[in-house]
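# Analysis of the macromolecular model
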Amino acid sequence: MQFATWNVNSLNIRLPQVLDWLATHPVDVLALQELKMADDKFPIQAFTEAGWHAAWLGQKTYNGVALISKQPARDVQRNNPHFTDDHARLIAATFDAPNGESVRVIGGYFPNGQAPDSDKFVYKMAWLDALRTWVKAEMQTQPNFLIMGDYNITFDALDVWDPETLEGTIHCTQAERDQLQALVALGLTDSVRLFEQPEKNYSWWDYRDFAFRRNRGLRIDHVLISDALKAKASKAYVDKAPRKNERPSDHAPVVFEATF
DNA sequence: ATGCCTTGCTTAGCAAGA
């Protein structure tokens, strides 16, 4: 069973690329972030015609998340029930596994935070506190649990192209990394680090300054998995290929596979 | 470097991203 996450930076612009990617990477669940479209503008017909199901939470201009899936999503939850949020950032659903078990999936677009001294950073911290409360509750109801998305946080220096210069800047602060570790401490594992990866393995590259060509990136898109899924983990990788597309997203998909 | 590029919104130049 395969799961993937991709921040598409506008589904309007990237819809053809998403459909192309799904045609060659028919994962069971694809979490999308930054739809940047109102709820009633979601292109459900295009996904349906291509044979996919979808559940989404849209928002005009900013944010927006979706789960594209082979099966219909069950027990869909939009945003965190433990947090009042103006932003469309979270969507959860349950899917059947091949062996009769179920998998609970959360797709998330975590706040950027802008700068460590900003109001947006304060919001990011509060949002992460509330997320942990929700994740803890979800994990108690479903052993096969996975949370994937654009975390906007690096784990450590390995996730940063220039860790010395960027130390303490947004995505690389101790406060953000403490939050990520607190989430992990609930019993989650960074799936990509379970498997051997290329050197300087990133998931996002700035549009400016030829950052992709120079591999000046950050690994900020993650798939965190419960112990039950860790026992079934068979593969995890960043698919850099779509970052080479014409008019690419600045993020690349991250894929996780569990063998049931 | 308060810059670079890409979105949306609006239609000239911000706001926001990361």
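Model, not experiment: these values are computed from the prediction. (Residues numbered from 1 in each chain as written. Chains lettered and ligands numbered in written order. Predicted model: local features only at pLDDT ≥ 70, side-chain atom pairs only at ≥ 80, totals over all residues. Heavy atoms only, no water.)

Moving on: the packing of aromatic side chains. One pass over the structure, following the stated rule, counts eight aromatic pairs. Each ring, one from F3 and one from F256, has its centre 6.3 Å from the other, and the planes form 25 degrees; the classification is stacked. One end of the pair, F3, is in strand β1 (residues 2-7); the other, F256, is in strand β14 (residues 254-258), with 253 residues separating them in the sequence. No difference in accessibility class separates F3 from F256, as the two residues are buried. With a centroid separation of 4.1 Å and 35 degrees between ring planes, the pair formed by F110 and Y151 is classed as tilted. Remark: Y151 occurs in the loop between β8 (145-150) and α4 (163-166) and F110 occurs in the loop between β7 (102-109) and α3 (119-141); sequence separation between them is 41 residues. Y151 shares its class with F110; the two are buried. (Phe/Tyr/Trp six-rings, centres within 6.5 Å; stacked < 30°, edge-to-face > 60°. Helix = DSSP H or I, 4+ residues; strand = E, 2+ residues; numbered from the N terminus. Buried < 20%, exposed > 50% of the residue type's maximum accessible area, 1.4 Å probe, protein only.)

Now for α3. For α3, which comprises 23 residues, the first-to-last C-alpha distance of 34 Å matches the rise-based estimate of 33 Å (1.5 Å per residue) to within 8%. Along α3, the positions that sit buried rather than exposed are F121, K124, M125, W127, L128, A130, L131, W134, V135, E138 and M139. (Expected span 1.5 Å × (residues − 1).)

Okay, the sheet that holds β14 next. Reading across the sheet, the six strands line up as β3-β4-β2-β1-β14-β13 and stay open at both edges, with mixed pairing between neighbours. Of all the strands in the sheet, just β3 (53-57) and β13 (233-238) have a single pairing partner and so form its edges. Direction aside, neighbouring strands of the sheet carry axes that sit 10 degrees apart on average. In this sheet, β14 lies alongside β13 in antiparallel orientation, the contact comprising five bridges. Bridge pairing in β14 places K235 opposite E257. Contacting β1, β2 (29-33), β4 (65-69) and β14, helix α1 (residues 11-24) runs over the sheet at an angle of about 160 degrees to β2. (Pairing = 2+ DSSP bridges. Axes fitted to C-alpha atoms, helices over the stretch in contact; angles between N-to-C directions. Contact = heavy atoms within 4.5 Å.)

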